[in-house]
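# Topology and contacts: notes
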Amino acid sequence: MQRILITALFLSIAPMLAFAQEYSIVGIVVTKDEALPVDRATLFLAETGAVVETAHDGTFELEAAAPGPYSITVFMPGFTTMVKEVTLSPEQPVAALELSLEELSIDMESVEVQASRGIYSMSRLRNVEGAAIYAAKKSELIELDKAMGNLAANNAREIYKSVPGLNIWENDGAGLQLAIGARGLDPNRTSNFNTRQNGYDISADALGYPESYYTPPAQALQRIEVVRGAASLQYGTQFGGLLNFVFKEGPRDRPFEFTTENTYGSFGQFNTFNSVGGTVGDLNYYAFYQYKRGDGWRPNSGYEQHTAFGNLQWKPTKRLELGLEYTHMNYLAQQPGGLADFEFQQDPQQSKRARNWFKVDWNLAALTLDYRLSSRTRINWRSFLLMAQRDALGELGPINRPDPLRERDLISGKYQNFGSEARLLHQYKVNDQLSTFLLGARVYRGFTENRQGDASADEGPDFRFLNPEDLEQSNYEFPSRNVSVFAENLFNITPRLSVTPGARFEYIRTASDGYYKERVFSGGEVIFERRLEDERVNERSLVLMGLGVGYQLKPGIELYANYSQNYRAINFSDLAVVNPNLVVDSLLTDERGYNADIGIRGDALSGRLRFDVSGFYLRYNDRIGLSEISIPDPIVIERLVAFRTNIGDARILGLEAFAEADFWKLFVDQDSPWSVLAFVNFSYLQGTYISGQRQFTGNDVELIPPVSLKTGVTIRRGGFSCSYLLSYVQEHFSDATNARFVANATRGVIPTYTVMDVSASYAWKRYRVQAGVNNLADASYFTRRATGYPGPGIIPAEPRRFYLGLRIKI
């Protein structure tokens, strides 16, 4: 731990060491045709390995160690790559350059982005990228080709290791469902992020049920874009922000490429990933098929998954590109259920549920259009269609009671959604400074059908209702409508100062139409039943505002701050599910609040250190959380269960810090082929209920680990890489009552845990071998308590597991 603290201290103070260089190369990067400054172009100094990016006014500074000749390479998506030679001497220790980039006749962004981000596994989005503005926003960009870890299992702990402040739930070892939350927001199926794939929605219903049952395979991804709460103006009103999965494209320089990657792991895990791609004339294509299976480490936890994707990108002219995409995913998984606290202590591997199953079928299609009106103006349009279904089958009774072996509960959800979003981005000059205006509009129509009733008492995956015409629990339809208009403008006031105001108008209509049943049991028999018809409509319109400010301390180092309002509509689908462990308040109201960030970020020490340190304030009014309530019980007269309601107003503050440096090139040999990248990801969060229901005022906000630390090192030379990752998460509460223990284990503390992962790979020509160990020390821990599926109760995390994979590219 002492070494970790010393490393963290160095990474914190190292930016101050960047000001002591004697020789340097300074200048500006502009467009060749109109001499406009190029924001965040990447410059690479071959002799020192330094990598820097231009400021928003196109300026840069590269520090050199000694006099002599230097070669500078300039990368920028959409422009030709440029190489410039320069010589420094004692008589001329500083070289001033103006570098002009020429626009490409074809879109080589997929090629350039990979080269332009340097050696680091995580960077941030440019101020203007594609048809979006990210200036002064807290953003992270994860590049999967540089990521080390168990990508075949979508291991979120390794993939998102560089994103501070995330709370990651581990539901299964296969990565079937991603569950991450930021800044104290519920991680369940990533429902507090606007989750997208290539810029369009992939969740079940963005308004009525924003949970993501489909997670794109990490092996198919080029990068993952994460933008925090300030993304609410461009990507929806939610508090969490944006999570966008960007797929690979086919290579631009050859007509055909085939890749196959097969991975074997502990507990019967097998994953095969196969892709094809290439460019034929004006047509680029990419497609993959993934098959995954496993037995699971606990009894009753086997799974099987199929995922397929196809993408065609046609560029008939220099300015126009049209795209067509289709995604299909289905899986069947047996769920071993949760455990009570004492059972987890006895044997976390045991299973008390042998009849629980989960099935998902996901179909997603999209049409895309990108049109460049000029070098300053572009149009981006995405339309998408979702046809999907998920079915949950099993016994949901309290986990501290045995399975009664009666008819199982079946919850079936069908989702039919359509959305279309268009953006216009225009760059213009004001007082010789380049500004950027963004205008967008979105229409969305969702339709969710949720049905709940009795199914067979057998053990197998029989997803059929016993009485489909008169369900025992509920039958609802949830139509939703949404129209949005949003605008942002990046004003570069001076070469160093930028201001980005924005606004978003939302019209939201959610509705429910159906029935639910009240039933009273005695001796296992129904003695009273009443069917209640339910029809509701909720229409609202609102305007959200935001503001971002950025200030360049020097080229590559920026102070930034932002503020944006947030809003989250209640999900009518929450009210329709009958769960013996959970009661939902029928008077739930929408949640409102805002996010604010202030921080410093950039590159120092000639690009060998990358850092982002920020503080945030999140105000969450009428926050929905878990309380407790007494309900009648045929065995013990009455019992306490979780009660989902508006707890009150919450205040969440935090520090989020990330730093990564190449220690070998800093301290040993800057020209060495060796690279030793060390990183620290640290967050300190504090959440408190400041008003609302009296019994909760002053309580800690649930789902907030006060301290989270991830740190590790990656060593590279040539085709060889190896990495070590340590993850530490401090104890925190799972509900607003701050209960430490309840009998059915649906609420209570999440104890402190520490997990280590190691991986190694070697690439030679067309081959790549990778192996690793997750949970190296075989820690026994859990990350969540569930009120429903995949529980209820404690969901144990996986023990130590091994994996070995081979990739061949032809």
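Residues numbered from 1 in each chain as written. Predicted model: local features only at pLDDT ≥ 70, side-chain atom pairs only at ≥ 80, totals over all residues. Heavy atoms only, no water.

## Remarks on the overall build of the chain
The secondary structure content of the chain amounts to seven helices and 44 strands. For 810 residues, the compact-globule formula gives about 28 Å, and the C-alpha radius of gyration of the chain, at 27 Å, lands near that figure. Intrachain contacts of the chain at a sequence separation of at least 6 include 67% that bridge at least 24 residues. For the chain, the exposed area adds up to about 30,500 Å²; of that, 58% sits on carbon and sulfur atoms. For the chain, the distance from the average position of its 82 positive side-chain charges to the average position of its 94 negative side-chain charges is 2 Å. (Helix = DSSP H or I, 4+ residues; strand = E, 2+ residues; numbered from the N terminus. Rg over C-alpha atoms; globule rule 2.2 N^0.38 Å. Contact = heavy atoms within 4.5 Å. Areas by Shrake-Rupley, 256 points an atom, 1.4 Å probe, with all protein chains shown as cover. Lys, Arg positive; Asp, Glu negative; His and termini not counted. Charge placed at Lys NZ, Arg CZ, Asp CG, Glu CD.)

## Things to note about the confidence of the model for the chain
For the chain, the mean per-residue pLDDT works out to 89, and 92% of the residues sit at or above 70. When the criterion is pLDDT under 50, residues 1-21 qualifies, and its contacts beyond four places in sequence or with other chains add up to 31 contacts. This model gives residues 105-117 a pLDDT under 50, and the stretch forms 37 contacts once residues within four places in sequence are excluded. (pLDDT = per-residue confidence, 0-100.)

## Here's the deal with the sheet that holds strand β6 (residues 82-88)
Spatially, β3-β2-β5-β6 is the arrangement adopted by the four strands of the open sheet, whose pairing is antiparallel. The two strands at the open ends of the sheet, each matched to only one other strand, are β3 (50-53) and β6. With strand direction ignored, the average angle separating the axes of adjacent strands in the sheet is 25°. Note: strand β2 (residues 42-45) against β3, four bridges, orientation antiparallel. Residue pairing for β3: Leu45 is matched across the bridge by Ala50. (Pairing = 2+ DSSP bridges. Axes fitted to C-alpha atoms, helices over the stretch in contact; angles between N-to-C directions.)

## Things to note about the packing of aromatic side chains
Tallied over the full model, the rule gives 23 aromatic pairs. Their ring planes at 25° and their centres at 5.6 Å tell us that Phe288 and Phe309 sit as a pair that is stacked. A residue pair is termed long-range when its members are at least 10 positions apart, and Phe288 in strand β20 (residues 283-294) and Phe309 in strand β21 (residues 303-314) qualify at 21 residues. Residue classification places Phe288 among the buried positions, given a relative accessible area of 4%. On the basis of an interplanar angle of 45° and a centroid distance of 5.3 Å, the ring pair of Tyr563 and Tyr594 is categorised as tilted. On the criterion of sequence distance, the pair formed by Tyr563 in strand β30 (residues 557-568) and Tyr594 in strand β32 (residues 591-604) is long-range, its members being 31 residues apart. Owing to a relative accessible area of 25%, Tyr594 belongs among the partly exposed residues under this scheme. Here the aromatic cluster, defined as three or more aromatic residues joined through ring pairs, consists of Tyr209, Tyr213, Phe358, Trp362 and Tyr415. Geometry around Phe616 places Arg183 over its ring, the cationic atom sitting 4.2 Å from the centre. Positioned over the ring face of Tyr620 is Arg623, at 5.3 Å from the centre of the ring. (Phe/Tyr/Trp six-rings, centres within 6.5 Å; stacked < 30°, edge-to-face > 60°. Buried < 20%, exposed > 50% of the residue type's maximum accessible area, 1.4 Å probe, protein only. Lys NZ or Arg CZ within 6 Å of the ring centre and 35° of its normal.)

## A few points about the sheet that holds strand β4 (residues 59-64)
Spatial ordering of the open sheet is given by β4-β1-β7, a layout of three strands whose pairing is mixed. Each edge of the open sheet carries a strand with a single partner, namely β4 and β7 (94-101). Averaged over all pairs of adjacent strands, the angle between their axes in this sheet comes to 25°, without regard to strand direction. Bridge analysis of strand β1 (residues 23-31) against β4 gives six bridges, and the strand direction is antiparallel. The residue of β4 that forms the bridge with Ser24 is Glu63.

## Brief notes about empty space enclosed by the protein
Enumeration over the complete set of coordinates arrives at 18 cavities of 30 Å³ or more. A volume near 950 Å³ is recorded for the second largest cavity. Lining the second largest cavity are 47 residues; nearest its centre among them are Asn188, Glu211, Leu582, Arg644 and Thr787. Mapped by element, the contributors of at least two residues to the lining of the second largest cavity are β24 (377-394), α6 (572-576), β31 (582-584), β33 (609-633) and β42 (782-786). The element contributing the most residues to the lining of the second largest cavity is β33, with five residues. Among the residues making up the lining of the second largest cavity, the classes are represented as 20 nonpolar, 14 polar and 13 charged. (1 Å grid on protein atoms, 1.4 Å probe; cavity = no way out; pocket = protein on both sides within 12 Å on 5 of 7 lines; lining within 4 Å. Points joined across faces, edges and corners; volume = space filled by probe spheres on them. Nonpolar A, V, L, I, M, F, W, Y, C, P; charged D, E, K, R; others polar.)

## Side note on the environment of Ser456
As for its position among the elements, Ser456 is in the loop between β26 (433-455) and β27 (474-492). Along the chain, Ser456 and Tyr264 lie 192 residues apart, while their C-alpha atoms are 35 Å from each other. For Ser456, the contacting residues outside a window of four places in its chain are Arg355, Glu407, Arg408, Asp462, Arg464 and Leu466. For Ser456, the side chain forms a polar contact with the main-chain nitrogen of Asp458, separated by 3.4 Å. (Polar contact = N/O pair within 3.5 Å; in protein donor to acceptor, adjacent residues only side chain to side chain.)

## Topic: the side chain of Arg451
With respect to the helices and strands, the residue Arg451 is situated in strand β26. Buried and unpaired, Arg451 has no salt bridge, with Glu449 as the nearest side chain of opposite charge at 4.1 Å. At 2.6 Å, the side chain of Arg451 and the backbone oxygen of Pro468 are in polar contact. In this structure Arg451 touches Leu410, Ile411, Ser412, Phe465, Pro468, Leu471, Ser474 and Asn475, once residues within four positions along its chain are discounted. (Salt bridge = Lys/Arg side-chain N within 4 Å of Asp/Glu carboxyl O.)

## Structural notes on unusual backbone geometry
Cis geometry is adopted by the peptide bond preceding Pro790, which originates at Tyr789 and carries an omega value of 5°. Turning to its location among the elements, Pro790 is positioned in the loop between β42 and β43 (793-796). Along the chain, Gly791 connects to Pro792 via a cis peptide bond; the corresponding omega equals 5°. With respect to the helices and strands, Pro792 occurs in the loop between β42 and β43. Positive phi, close to 55°, is recorded for Thr190, a residue that is not glycine. When you line up the elements, Thr190 lands in the loop between β13 (180-182) and β14 (193-197). Backbone geometry at Asn300 places phi at a positive 65°, although glycine is not the residue there. Positionally, Asn300 belongs in the loop between β20 and β21.

## So, the nonpolar core
In this structure, Leu144, Tyr160, Ile224, Leu243 and Trp362 are the most contacted members of the largest nonpolar core, which totals 63 residues. With five residues, strand β23 (residues 357-372) is the single largest residue contributor to this core. If sequence neighbours within four positions are ignored, Leu243 has contacts with Tyr160, Leu178, Ile180, Thr190, Phe193, Asn194, Thr195, Arg196, Ile224, Glu225 and Val226. In terms of nonpolar packing, the next biggest core, distinct from the first, is built from 23 residues, Ile25, Ala64, Val74 and Met76 among them. (Core = buried A, V, L, I, M, F, W, Y, C linked by side-chain atoms within 4.5 Å.)

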